[in-house]
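Observations on the model geometry
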Amino acid sequence: MELTVNGSPREVDPARFPTLLAALRDQLGLTGPKLSCDHGECGACTVRLDGDLVYACLTLTATCGGAEVRTVEGLAEGSALHPLQQAFITHDAAQCGFCTPGQLLAAEALLERNAHPTDAEIRTAMSGNLCRCGTYPKIITAIRAVADAGKTP
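Notes on the structure in this doc start here.

Parameters and conventions
Residues numbered from 1 in each chain as written. Predicted model: local features only at pLDDT ≥ 70, side-chain atom pairs only at ≥ 80, totals over all residues. Heavy atoms only, no water. Helix = DSSP H or I, 4+ residues; strand = E, 2+ residues; numbered from the N terminus. Rg over C-alpha atoms; globule rule 2.2 N^0.38 Å. Buried < 20%, exposed > 50% of the residue type's maximum accessible area, 1.4 Å probe, protein only. Contact = heavy atoms within 4.5 Å. Pairing = 2+ DSSP bridges. Axes fitted to C-alpha atoms, helices over the stretch in contact; angles between N-to-C directions. 1 Å grid on protein atoms, 1.4 Å probe; cavity = no way out; pocket = protein on both sides within 12 Å on 5 of 7 lines; lining within 4 Å. Points joined across faces, edges and corners; volume = space filled by probe spheres on them. Nonpolar A, V, L, I, M, F, W, Y, C, P; charged D, E, K, R; others polar. Parallel < 35°, antiparallel > 145°, perpendicular 65-115°, else oblique. Left-handed = near helix turned anticlockwise from the far one by under 90°.

With that out of the way, let us pick up the overall build of the protein chain. In terms of helices and strands, the protein chain carries five helices and five strands. From first element to last, N terminus to C terminus, the protein chain shows the α and β order β-β-α-β-β-β-α-α-α-α. For 153 residues, the compact-globule estimate of 2.2 N^0.38 gives 15 Å, and the protein chain sits close to it at 15 Å. Once the C-alpha set of the protein chain is aligned to its principal axes, its extents read approximately 45 × 30 × 25 Å. Split into buried and exposed, the 153 residues of the protein chain put 44% on the buried side. Considering only intrachain contacts with a sequence separation of at least 6, the fraction spanning at least 24 residues in the protein chain is 57%.

Quick look at the structure:
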């Protein structure tokens, strides 16, 4: 089955890799999305599927034929970091970094829908992505900085 992953066509085997997370990590070697809760509760496996946020641990690969998948590996353009990636670094929002890939994709999706979210809207949009380090205020600051700078995706 073919998927478009971060802009490139890729073949995946849904029989060997039944979840999208397994296909991305184990078959394609994209380790940005993480396996953590394996129940769609933490958001560490968040990717974008045809523009929507999905938990890759709950998404069946067999349902993704022909879809466009975006992982954190697809955010930067060459050596230029995405504005959200730079803001997470600048505002020390990454902490241990385990949840950061999912956080970045959720933030990107938010700013595509709403270029100037309130802090409450940011908190709501990010509520599906847990951070064990508790760096939520810094995550909000980083997203706010990108929105305020007009660097929305």
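Turning next to the sheet that holds strand 2 (residues 8–11). Here we have five strands laid out as an open sheet, ordered 2-1-5-3-4, and mixed in their pairing. Both outer strands of the open sheet, strand 2 and strand 4 (52–55), are each paired with one neighbouring strand and no more. Put simply, the sheet's adjacent strands are angled 40° from each other on average, direction ignored. Relative to strand 5 (residues 68–70), strand 1 (residues 2–5) runs parallel, the two being bridged by two bridges. Pairing of Thr-4 across the sheet is with Glu-68, part of strand 5. Against the sheet, helix 1 (residues 20–27) touches strand 1, strand 2, strand 3 (46–49) and strand 5, its axis set at about 105° to strand 3. Strand contacts of helix 3 (residues 100–113): strand 3, strand 4 and strand 5, with the helix running at about 40° to strand 3, the strand carrying the most contacts.

We now examine the layout of surface pockets. The calculated volume of the largest pocket comes to roughly 150 Å³. In this structure, the largest pocket is lined by Asn-6, Gly-7, Arg-48, Asp-50, Gly-51, Glu-68, Val-69 and Arg-70. Sort the elements by how many residues they give to the lining of the largest pocket and strand 5 lands first, with three residues. Tallied by class, residues from the lining of the largest pocket come to one nonpolar, three polar and four charged.

The next point concerns the pairing of strand 2. When strand 1 meets strand 2, the two strands line up antiparallel, connected through four bridges. By the bridge assignment, Glu-2 is partnered in strand 2 with Glu-11. Between strand 1 and the antiparallel strand that follows it, strand 2, lie two residues; Asn-6 among them carries a positive phi value of about 50°.

At their nearest, the axes of helix 2 (residues 83–90) and helix 3 sit 10 Å apart, and the two run at 125° to each other. Relative to helix 3, helix 2 is oriented oblique. Considering only the axes of helix 2 and helix 3, their crossing is right-handed. Contacts between helix 2 and helix 3 pair Leu-84, Gln-85 and Phe-88 from the former with Thr-100, Gln-103, Leu-104, Ala-107, Glu-108 and Leu-111 from the latter. Counted by class, the contact of helix 2 with helix 3 contains five nonpolar, three polar and one charged residues.

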